[in-house]
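Analysis of the macromolecular model
Now for the letters of each chain:
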Amino acid sequence: MKQTLYVLQAALLAVLLFTVCSTTPSGDYPIQPVPFTQVHIDDAFWAPRIETNRAVTIPHAFHKCEENGRLDNFAAAGGLLDSEYQGIYPFDDTDVYKTLEGASYALMVKPDPALDAYLDSVITLIAAAQEDDGYLYTVRTLNARRLKGWFGDERWARLSGSHELYNAGHLFEAAAAHYQATGKRSLLNVALKFADLIDDTFGPGKLEKPPGHQVIEMGLVKLYRVTGDERYLNLAKFFLDARGRSVNGRELGGEYNQDHKPVVEQDEAVGHAVRAGYMYAGMADVAAMTGDRSYIDAIDRLWENVAGKKLYLTGGIGATGSNEGFAGNYDLPNMSAYNETCASIGNIYWNHRLFLLHGDARYIDVMERTLYNALLSGISLDGTHFFYPNPLESVGQHQRAEWFGCACCPGNVTRFMASVPGYVYALRDNDLYVNLYASNTATLDLKDQQVVISQKTDYPWEGTVDLALNPGKDGKPFTLCLRIPGWARGRPLDTDLYSYVNSDPADIALFVNGQPRRLQIRDGYARIRRGWKAGDTVRLELPMEIRRVTAIDSVEADRDRVALERGPIVFCAEFPDNPGGRVRNLLLTDGEIASEFVPGLLNGVTVLRGTAEAYHRDAAGALSSVSQDLTMIPYYGWSHRGRGEMAVWLAAGESAVTPAGTATLASESTVTASFGKNPEAVNDLLEPSSSGDHNVPFFHWWPHKGTREWIQYDFPRVEEVSTVEVYWFDDTGRGECRLPASWRVMYMENGQWKPVWSPDPYPVEMDSFNKIVFETVRTGSLRLSVTSREGWAGGIHEWKVR
């Protein structure tokens, strides 16, 4: 594959021409971010992660793209390779585009001739795959009939699922990044040719349909920034305005892709969370460029809904896996929380843009919460494993993976991590905003002068920040705006969704050249306006108190529970650190909690230590508890030391405790299955409240539908058994699992599976254990043989044996 890449590179790159102008956009955000290329982070927290992203994660993602046929698809579409389309989704092209974007950002910070040459070779293949009129969508070019259900017989026929415009959007973003990084016009020409085709095809009086998955809106705005061509901005606005409007009898896509009503009328976040986050960020871009107040009003309303009713404590968004998105207001389950890593990135994009529009720290508070918690959870410390969902509770069924069939998250991580320094500072005329705290040096261009600023801090573990300023013009005044995080002011968010048990503000201190300075806070920023001189220093002290957090009572999943924060970090209890490897049975006491930095743990983290009551239920059902030590780690660090229990929210009262049960024959057995996800769920001693309960683990055979499957217990020793109880999983209304058509119990005897004998029919009932009593058998293994209903998969919550 690599040989093919390089052989064709020179010939194809030679014919790529560049025809863009350099007009400056007439409108823009009132506050401008400082490009990440001007901010050089050198701390112990972010700098290693950014370097790991450059040196490990980006090569890893490209390797996986090669290994899984992503690059071969471009080669085959370009006639350079005789191959069918590889992959199971029509949007696999974007894995290459996103990683290419991240690699371009990495080149901006650290030149790498080998990486630069590799990107040229990848772009060669992308250019080869482009059709003569600019169309670029390898799954259609290769006529992958097995995926026709996604994209239909004609171009643009099934935009709700084809991802044609989604693919284009990520191409546009990658092209803009590569051009800005290298000055090369190769990928940008490909993107502009495709964009021109789309502009010729879509618009008022043309094809008036929105994309099924948003992102092209942001991509078009980036092309507008690069070229100054207003067609791209107008097209971005068209795609937004087309959503929720039935033109020429078009059937609306509904809430899933935010196509249920016009975007300017939306006031509740619904549907797929990644789509929503990208759309809200795209609306902010278009609003900034055009001054459209109706867009700003809409995304302000939507922010109030999300931050007030649908945001996880970790900053994640998207409560349910069935739609990979939002549930109802205050519906925030913990174990089944989806919180897709891509959705966290979208949430950061959106909140950062809201800050650029409004200049209010409330948006950076959400951005920081998401950044340090939900987002960082999505990538392993070594940079090679990823979470797709990021739940707030687990019994060991979750584990990061090297790659996914739907691999949207790894590539997204590469491009985001490379750009983190760009979120530190922002400018408006002669106002300098400091949004994030990390040791760095930056050169900033204010309206009247250039300023070199540096930070020294151990944030996020300690809250002291030392800044040094060297203005280009001594004595020339400007305003330094230091964000005072909500966690230091006694509020997790600027809504009532979460609150601190002790909401008193911390004793924040501010010094200029060693002299105390009274805090003057407006919109969440301490503002210091003065004529600055070279060598001036500022110290900000943000005491990092350990805060107990509670949720508003409307959040049923968190009632009678408490979580712990320190600074921007949300903590969790995990199995390796706590006696017995259990944490869901713990009740957090009112005792003192202390913090301690442990350099040898998880690359160096602060942990919290206290005491908890551990609850147990004996075989007779009696409840008891014992006091034990409690250790909590940063949430982002969980699942690095094996699979086991984890919880962010701990019980604050007995009603919220999940007691550890007495071991049973089932729980001591080894589980295997014919197929399926998470078979260990069936003997975890966690009983559901209903067949559709997503708050406890479950096992399913999806996507096997209408098949006969099995699940098996191998006992630790030969046993006499006569009773089986099964609690079926059925997610009617959310997914594709239903009660089975039939089932039976088999036992192993002399190397053969035999059916047990019972005079009674096998029950198949919702919301209860289905019990069958049979003639006693002596065996070392028991199996359930289950036939799913035609067109549906089956699943099990819990399986008891006696």
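Quantities reported herein were computed from a predicted structural model and do not represent experimental measurements.

Rules behind the numbers
Residues numbered from 1 in each chain as written. Predicted model: local features only at pLDDT ≥ 70, side-chain atom pairs only at ≥ 80, totals over all residues. Heavy atoms only, no water. Helix = DSSP H or I, 4+ residues; strand = E, 2+ residues; numbered from the N terminus. Rg over C-alpha atoms; globule rule 2.2 N^0.38 Å. Buried < 20%, exposed > 50% of the residue type's maximum accessible area, 1.4 Å probe, protein only. Contact = heavy atoms within 4.5 Å. Areas by Shrake-Rupley, 256 points an atom, 1.4 Å probe, with all protein chains shown as cover. pLDDT = per-residue confidence, 0-100. Pairing = 2+ DSSP bridges. Expected span 1.5 Å × (residues − 1). Bend = angle between axes of the 7 residues up to and from the residue. Polar contact = N/O pair within 3.5 Å; in protein donor to acceptor, adjacent residues only side chain to side chain. Axes fitted to C-alpha atoms, helices over the stretch in contact; angles between N-to-C directions. Salt bridge = Lys/Arg side-chain N within 4 Å of Asp/Glu carboxyl O. Disulfide = S-S within 2.5 Å. Phe/Tyr/Trp six-rings, centres within 6.5 Å; stacked < 30°, edge-to-face > 60°.

The subject of this paragraph is the overall build of the protein. Each helix and strand counted, the protein has 18 helices and 32 strands in total. Its C-alpha radius of gyration of 28 Å places the protein within 12% of the 28 Å reference for a compact globule of 802 residues. Based on the C-alpha atoms only, the size of the protein along its principal axes is roughly 90 × 65 × 50 Å. Counting over 802 residues, the protein shows a buried share of 60%. Here the analysis covers contacts within the protein between residues at least 6 apart in sequence; of these, 72% occur between residues at least 24 apart. Carbon and sulfur atoms make up 47% of the accessible area of the protein, which totals about 29,100 Å².

What follows covers the confidence of the model for the protein. Low-pLDDT portions of the prediction should not be read for the details of their coordinates. Confidence in the prediction for the protein averages 94 pLDDT; 97% of positions are at 70 or higher. Taken as a whole, residues 1–24 scores under 50 in pLDDT and shows 47 contacts with residues more than four places along the chain or in a different chain.

Taken together, seven strands build an open sheet; the order of strands is β2-β6-β7-β8-β15-β11-β12 and the sheet is antiparallel. Only two strands of the sheet have a single partner each, and these edge strands are β2 (39–41) and β12 (515–516). Where β2 meets strand β6 (residues 440–445), three bridges bridge the pair, whose relative direction is antiparallel. Its bridge partner being in β6, I41 is matched across the sheet by N440.

A separate point is helix α16 (residues 361–377). Because each turn of an α-helix spans 3.6 residues, side chains separated by three or four positions in sequence point in the same direction. Taking 1.5 Å per residue as the helical rise, α16 with its 17 residues ought to reach 24 Å, and the 24 Å between its terminal C-alpha atoms agrees with that figure. At L371, α16 shows its maximal bend, which comes to roughly 40 degrees. Taking burial as the measure, the 17 residues of α16 include 17 buried ones, the bulk of the element. Of the residues that open α16, the one with a side-chain oxygen 2.9 Å from the backbone nitrogen of R362 is D360.

Time to look at the sheet that holds strand β14 (residues 525–531). The pairing of strands in a sheet comes from backbone hydrogen bonds and takes either a parallel or an antiparallel form. Within the open sheet, the six strands sit side by side as β1-β4-β5-β9-β14-β13. Their pairing is mixed. Strands at the two margins of the open sheet, each flanked by one partner only, are β1 (32–33) and β13 (521–522). Seen against the sheet, α16 touches β9 (477–483) and β14 and runs at an angle of roughly 45 degrees to β9.

Per the counting criterion, the structure on display carries 53 salt bridges. Across the pair E173 and K222 runs a salt bridge, and its minimum N-O distance is 3.4 Å. Taken together, the residues span a long stretch of sequence, with E173 in helix α9 (residues 164–182) and K222 in helix α11 (residues 216–227) at a distance of 49 residues. When the shortest N-O distance is used, the salt bridge between K310 and E268 registers 2.8 Å. With K310 in helix α14 (residues 293–310) and E268 in the loop between α12 (230–242) and α13 (273–290), this residue pair connects regions lying 42 residues apart in the sequence. For K310, a relative accessible area of 3% puts it in the buried group. When salt bridges with common partners are traced through the structure, they connect E101, E173, K222 and R415 into a single cluster.

What follows deals with the state of the cysteines. Under the criterion given, the structure shown has zero disulfides. For the unlinked cysteine C409, the closest cysteine sulfur is that of C342, found at 3.5 Å.

So, on to the packing of aromatic side chains. All chains considered together, the criterion is met by 44 aromatic pairs. Between Y338 and Y388 the ring centres are 6.1 Å apart and the planes differ by 65 degrees, which places this aromatic pair in the edge-to-face class. Taken together, the residues Y338 in the loop between α14 and α15 (341–358) and Y388 in the loop between α16 and β3 (393–395) connect sequence positions 50 residues apart. When sorted by exposure, Y338 lands in the same class as Y388, which is buried.

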